[in-house]
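Okay, here's what each chain looks like letter by letter:
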Amino acid sequence: GDSVTQMEGPVTLSEEACLTINCTYTATGYPSLFWYVQYPGEGLQLLLKATKADDKGSNKGFEATYRKETTSFHLEKGSVQVSDSAVYFCALFLNAGNMLTFGGGTRLMVKP
Amino acid sequence: NAGVMQNPRHLVRRRGQEARLRCSPMKGHSHVYWYRQLPEEGLKFMVYLQKENIIDESGMPKERFSAEFPKEGPSILRIQQVVRGDSAAYFCASSPFQGGDTQYFGPGTRLTVL
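What this report covers is the structure whose coordinates are included nearby. Position numbers for residues count from 1 along each chain, tracking the sequence in the order it is written. Written order decides the labels, with chains lettered from A and ligands numbered from 1. Since the coordinates come from a predicted model, pLDDT governs what is reported: local features require at least 70, and pairs of side-chain atoms require 80 or more to be given and counted, while whole-chain, interface and lining totals use all residues. Based on all heavy atoms of the structure, the side-chain values leave hydrogens and waters out of the count.

## Quick notes on the interface of chain A and chain B
Every residue pair with non-hydrogen atoms within 4.5 Å of one another is taken to be in contact. Across the boundary between the two partners, chain A contributes 20 residues, which contact 23 residues of chain B. Joining two parts hides part of their accessible area as seen by a 1.4 Å probe, and the buried area is that hidden amount summed over both. Summed over both sides, the interface between chain A and chain B buries roughly 1600 Å², with carbon and sulfur atoms accounting for 52% of that surface. A pair is scored as a salt bridge if a Lys or Arg side-chain nitrogen falls within 4 Å of a carboxyl oxygen belonging to Asp or Glu. The interface formed by chain A and chain B contains zero salt bridges. By the criterion applied in these results, polar contacts are pairs of N or O atoms within 3.5 Å in which, for protein atoms, one can donate a hydrogen and the other can accept it, and in which residues neighboring in sequence qualify only through two side-chain atoms. Here chain A is connected to chain B by four residue pairs in polar contact (both at pLDDT 80 or more). Counting residues per element, the ones that place at least two in the side of chain A that touches chain B are β5 (32–38), β6 (44–50), β10 (86–93) and β11 (100–102) of chain A. By the convention adopted, Pro, Cys, Tyr, Trp, Phe, Met, Ile, Leu, Val and Ala count as nonpolar, Lys, Arg, Asp and Glu as charged, and the other residues, Gly among them, as polar. Along the lines of polarity and charge, the residues of the side of chain A that touches chain B split into nine nonpolar, eight polar and three charged. Elements are defined by DSSP. Helices are runs of H or I of four residues or more, strands are runs of E of two residues or more, and each kind is numbered from the N terminus.

## A look at the environment of S72 of chain A
All names here are of chain A. Here S72 shows up in the loop between β8 (62–65) and β9 (75–77). Buried, partly exposed and exposed residues are distinguished by accessible area as a fraction of the type maximum, computed with a 1.4 Å probe on protein chains only: under 20%, between the cut-offs, and over 50%, respectively. S72 sits in the buried class, given a relative accessible area of 3%. Residues S72 and L46, spaced 26 residues apart in sequence, show a C-alpha to C-alpha distance of 18 Å. Non-local contacts of S72, meaning those with residues more than four positions away in its chain, are made with C23, T24, Y25, L33, T65, Y66 and R67. One polar contact links S72 to T70, side chain to side chain, over a distance of 2.8 Å.

Now the structure itself:
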């Protein structure tokens, strides 16, 4: 079946450090790929998306590139801030399906 | 434009009671999805509904759980005879069209079963 695997957290970084959160997927078709962010006590917010191979999604300094050859969609940011502390979820959506399939989430903690 | 609304935000029930979770989609959205997030886990799909129709309930437990999205009013996720294992955050999402890959999430209802 379709699945998403993320690196386990927590990931602890100092402010202004570089961030990479790995995400790989398994899918029977050609999915759209997403990163969602969940701040403490809140729901999920869409961070960025990419709908086809080699597309790059970007938002708020975060970016991720849809790599079909490695079935990956790693999240990157060049300089993290304390306010980026949250749980990040990678997800896929198959056009023939009805639901998002999520990874287990990666908690990011940024220290001043 | 209000986002997806869910209520209550927190719900406490004793074992054996019923839990009713409500979701009002974004304006103009007629497709609703329910997901469950167990502690320290990712979200798992439960059910997809359109107005007055259940389209996909492949993620719903076979017993005690039901969902509806009536012509008027919010979508309701109902859990009968709750057990401690039902304690989780339940999120609703909506999209404007079928097969919409971009879903907008509500703040969730955190259910605690004592």
